[in-house]
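Chain by chain, the residues run as shown.
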Protein chains: 6
Amino acid sequence: MTQTHYETNDRFERGQRALAEIDGAGGQKVIDALADIAPDFARYLLEFPFGDIYSRPGLDLRSREIATIAALTALGNAAPQLKVHIAAGLNVGLGREEIVETIMQMAVYAGFPAALNGLFAAKEVFAAHPA
Amino acid sequence: MTQTHYETNDRFERGQRALAEIDGAGGQKVIDALADIAPDFARYLLEFPFGDIYSRPGLDLRSREIATIAALTALGNAAPQLKVHIAAGLNVGLGREEIVETIMQMAVYAGFPAALNGLFAAKEVFAAHPA
Amino acid sequence: MTQTHYETNDRFERGQRALAEIDGAGGQKVIDALADIAPDFARYLLEFPFGDIYSRPGLDLRSREIATIAALTALGNAAPQLKVHIAAGLNVGLGREEIVETIMQMAVYAGFPAALNGLFAAKEVFAAHPA
Amino acid sequence: MTQTHYETNDRFERGQRALAEIDGAGGQKVIDALADIAPDFARYLLEFPFGDIYSRPGLDLRSREIATIAALTALGNAAPQLKVHIAAGLNVGLGREEIVETIMQMAVYAGFPAALNGLFAAKEVFAAHPA
Amino acid sequence: MTQTHYETNDRFERGQRALAEIDGAGGQKVIDALADIAPDFARYLLEFPFGDIYSRPGLDLRSREIATIAALTALGNAAPQLKVHIAAGLNVGLGREEIVETIMQMAVYAGFPAALNGLFAAKEVFAAHPA
Amino acid sequence: MTQTHYETNDRFERGQRALAEIDGAGGQKVIDALADIAPDFARYLLEFPFGDIYSRPGLDLRSREIATIAALTALGNAAPQLKVHIAAGLNVGLGREEIVETIMQMAVYAGFPAALNGLFAAKEVFAAHPA
């Protein structure tokens, strides 16, 4: 029972650690921005995506960021989150070329405009990050 | 100039080789089904996605299939192609667990219904493939 | 005032005439299928899309069907309506080649899976229509 | 016949009244902005969504705004209209908490980025409205 | 600390109770279908959407189902889940007319095909439910 | 074999000519913006959409631009590309009224917000183009 209790704490804390490792300052800014409108949503964001999903074994973080960059490029309706995850890709060790290849490939599955907008998002994020 | 010529041939042939390696029989069935409605589109499909994109260095095929499975799960409107690429993931060496993790993660970016439908597609593809 | 009255009638009647001209039997089947679940929606469908929009001068019906086939192929989540409008394209004088070209072009704007699914829808509709 | 005539007038006038009640100044600004590009579209907007749909009995305006806020948050590609309808929700009596709950719930059906962008839209609208 | 522990249990158990109340047999079937492909995802589905979101005060279940039916109709790419939630709407006390009105309204925000497909889903679900 | 070689060159050159004819300066700006992030993608953009698709006989350029404007309005997540193609529509001979009609019609297939955002994009492009 104590274990379950600690697991509960782990879930939130694990989410905080995963968010810090993956999204760095960009993730914390999102959490802070939610404080006065939907603080519980900030908690869910730490607990489910980061505490539950990104913390699972079975897929390494580099592959997880490829999946997220691909999906957000293809959906094309979440530009701020795409930028956060392009930066997150760099944080977890993806090379710029791997990120560009992932985005370019989305031309095949979601069309050239989606890929173009993803590439311009990458250009902006890369420019703000020391090589 | 001859080189350019061979590159031209390479583009189509490279696409055929890549399609065979990645999608196997599932890809060829798509090509065949286009023969009487849009044969040029079959050629474009070999040339651009497979001859150009999947044949690029800079991202390995396992990562490319993670990106495609993620995007098609998130878009949620191309079930036949998602199944072809779940099988393609297995063909290029992804484990079932990696595919399931990729799809599950899409709950975060495209919602639980998209992830559920992706998981049921995987269940169907896995059942048809010897472990 | 009488004029306005006739215009009111025109709106519904104009919609019926436009639906018959454009969608033929396929359109009437949709209207009939709504009778026991949402009869008012059948009326709106006649009045707004067909009585208002398709009846406007300023764009010929062939161009209107190209626009609709393009949009429904790109959205990729309304297969039954796409088929109705591929048939409608034939009804208003589009050639099979023009329809196939319109759908193929969507690979550029919505990805290859959307275009593939559109082409297979066209194949099915063409097979059911005498050349 | 006169009745039909009045109904015709009602349709446009009913739309104007519904727009004023629901969207307030935000709705009128949209109508005005259409004047020089597509004045007929301004009329359709009053007649169909507001004169026909929002004026129907069978679902109260608070529920209608919950439906609209949910859909626009989930689609994630119509930020200006989402903001107009978050303000409309307040106009027809939804509490801020109800609006926030509706948007948060969209994380389940359209993913966390869609919900986040909806919450930040609400934050902006709430800040511009006296509590 | 014990409280936190019970809250942990509550989260899963609360999700089970909420799922049973809202989705009834349809929800349990989804959970069962996940057992051999992604059992952890079944747990997340109970914990986050049902244990966390649907169990929150601040928005009644009838409004929550209106939001979900609206969103799934508008997205148009999750037919099985839309049917589950039309049935869920009936379970939590929505009238058939309210569900039909919610779906019809989506013609305004996601187009007539999305609304049509939603209405035909409702027709199917209503037919399977005693009035 | 030489023929194939020239065809290869034709593909890139044909794309450049088509891009210049269709998108004018707007298209070249996109190509230039890709130079430092994904130069190969600039080449693909010339070769596949413009060298292959837009250069095909079987559908005239005016119809092709109607298809593209319709699709990008309906998808609603690629505003910069929609503006480029509204300008392209004018370049290839579409009248302003035809473009406005195409966009208005998307209210039927993708909802009023998509059509509204398309109309406001057209308003902006028209204002920047001499009548």
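Residues numbered from 1 in each chain as written. Chains lettered and ligands numbered in written order. Predicted model: local features only at pLDDT ≥ 70, side-chain atom pairs only at ≥ 80, totals over all residues. Heavy atoms only, no water.

Here's the deal with helix α5 (residues 79–91) of chain B
All names here are of chain B. Put simply, the rule reads: To qualify as a helix, a DSSP run of H or I must reach at least 4 residues; to qualify as a strand, a run of E must reach at least 2; elements of each kind are numbered from the N terminus. Here the expected length of a helix is defined as 1.5 Å per residue gap, with one fewer gap than residues. Only protein chains enter the area calculation, which uses a 1.4 Å probe; residues under 20% of their type maximum are buried, those over 50% are exposed, and those in between are partly exposed.
The end-to-end C-alpha separation of α5 is 18 Å, in line with the 18 Å expected for 13 residues at 1.5 Å each. Listed as buried for α5 are Gln 81, Leu 82, His 85, Ile 86, Ala 87, Ala 88, Gly 89 and Leu 90. One or two positions beyond α5, positive phi appears at Gly 93, with a value near 105°.

Focus on the relation of the copies chain A and chain B
What counts, and what does not: A least-squares fit on C-alpha atoms brings the copies together, and the residues used are those whose pLDDT is at least 70 in both copies. Contacts were defined at the residue level, with two residues in contact if any of their heavy atoms lie within 4.5 Å.
You can overlay chain A on chain B at an RMSD of 0.0 Å; the transform is a turn of 180° with a shift of 0.0 Å along its axis. Viewed as a symmetry operation, the transformation between the two copies matches a two-fold axis. Interface overlap between copies is the fraction of interface residues in one copy that are interface residues in the other; for chain A against chain B it reaches 100%, indicating a shared surface.

Topic: the interface of chain B and chain C
Which entries qualify depends on this criterion: Note: buried area is the sum, over both parts, of the accessible area (probe 1.4 Å) each one loses when the two are combined. A side-chain nitrogen of Lys or Arg and a carboxyl oxygen of Asp or Glu constitute a salt bridge if their distance falls within 4 Å.
Taken residue by residue, the interface counts 16 residues in chain B and 15 residues in chain C. In total, chain B and chain C occlude about 1300 Å² of area from one another, counting both sides; carbon and sulfur atoms represent 77% of this. Our count for the contact surface shared by chain B and chain C stands at one salt bridge. Its salt-bridge partner being Asp 36 of chain B, residue Lys 123 of chain C comes within 3.2 Å of it at the nearest N-O pair.

What to know about the interface of chain A and chain B
Reports often express the size of an interface as the amount of accessible area lost when the parts come together. Short version of the rule: We define a polar contact as two N or O atoms separated by no more than 3.5 Å, with the added condition that, inside protein, one atom must be a possible hydrogen donor and the other a possible acceptor, whereas residues neighbouring each other in sequence contribute only through side-chain atom pairs. Under this grouping Gly is polar, as are all residues other than the nonpolar Ala, Val, Leu, Ile, Met, Phe, Trp, Tyr, Cys and Pro and the charged Asp, Glu, Lys and Arg.
The interface is formed by 31 residues belonging to chain A together with 31 residues belonging to chain B. Summed over both sides, the interface of chain A with chain B buries roughly 2600 Å², with 68% coming from carbon and sulfur. When the buried surface of chain A facing chain B is broken down by residue, Glu 101, Gln 105 and Tyr 109 of chain A rank first, second and third, together holding 24% of it. Where chain A touches chain B, the interface holds four salt bridges. A salt bridge links Glu 101 of chain B to Arg 64 of chain A; the shortest N-O distance between them is 2.7 Å. Linking chain A with chain B are 14 residue pairs in polar contact (both at pLDDT 80 or more). By residue number, the principal contributor to the side of chain A that touches chain B is helix α6 (residues 96–110) of chain A, which donates 11 residues. Tallied by class, residues from the side of chain A that touches chain B come to 20 nonpolar, six polar and five charged.

Considering the packing of aromatic side chains
To keep it simple, the criterion reads: Ring pairs are drawn from Phe, Tyr and Trp, using the six-membered ring of Trp, whenever the two centres fall within 6.5 Å, and their geometry is named by plane angle: stacked under 30 degrees, edge-to-face over 60, tilted for the rest.
Scanning all chains against the criterion turns up 33 aromatic pairs over all chains. Here the aromatic rings of Tyr 44 of chain B and Phe 48 of chain F are separated by 5.7 Å at their centres, their planes lie at 75°, and the arrangement is edge-to-face. Of the two residues, Tyr 44 of chain B is situated in helix α3 (residues 39–54) and Phe 48 of chain F in helix α3 (residues 39–54); the pairing between them involves two chains. Taking the relative accessible area as the measure of exposure, Tyr 44 of chain B reaches 3% and is therefore buried. Each residue in the set Phe 41, Tyr 44 and Phe 48 of chain A, Phe 112 of chain B, Phe 112 of chain D together with Phe 41, Tyr 44 and Phe 48 of chain E is aromatic and connected to the rest through ring pairs, giving one cluster.

Some remarks on the environment of Asp 32 of chain E
All names here are of chain E. By secondary structure assignment, the location of Asp 32 is in helix α2 (residues 25–33). Asp 32 gets classed as partly exposed once you look at its relative accessible area, which sits at 46%. Between the alpha carbons of Asp 32 and Ser 55 there is a distance of 22 Å; along the sequence they are 23 residues apart.

Considering the relation of the copies chain B and chain C
Relative to chain C, chain B is turned by 120° and slid 0.0 Å along the rotation axis, the superposed coordinates differing by an RMSD of 0.0 Å. Considering both components of the superposition, the chain copies are consistent with a three-fold axis. Residues of chain B ranked by C-alpha distance from the rotation axis are headed by Asn 77 of chain B, positioned 3.3 Å from it.

Quick notes on the UniProt feature "domain: Carboxymuconolactone decarboxylase-like" (unreviewed entry) in chain A
The line we're drawing: UniProt positions are given in the numbering used here, feature names are shortened, and annotations may be inferred rather than shown by experiment.
UniProt marks residues 39–124 of chain A with the feature "domain: Carboxymuconolactone decarboxylase-like" (unreviewed entry), using the numbering shown here. For residues 39–124 of chain A, the helix share is 84%, the strand share is 0%, and the end-to-end C-alpha distance is 29 Å.

Some points on the layout of surface pockets
Note the cut-off: Within this scheme a cavity is a closed region of a 1 Å grid, computed over the protein atoms alone, that accommodates a 1.4 Å probe without allowing it to escape, whereas a pocket is open but has protein on both sides within 12 Å along at least five of seven lines; lining residues each have an atom within 4 Å of a point. Grid points are joined across faces, edges and corners, and a volume is the space filled by probe spheres set on the points.
As a volume, the second largest pocket reaches approximately 860 Å³. Lining the second largest pocket are 44 residues, with Gly 76 and Asn 77 of chain B, Gly 76 and Asn 77 of chain C together with Gly 76 of chain E sitting closest to its centre. For the lining of the second largest pocket, the element with the highest residue contribution is helix α7 (residues 112–128) of chain C, accounting for seven residues. Within the lining of the second largest pocket, the residues separate by chemical class into 24 nonpolar, 15 polar and five charged.

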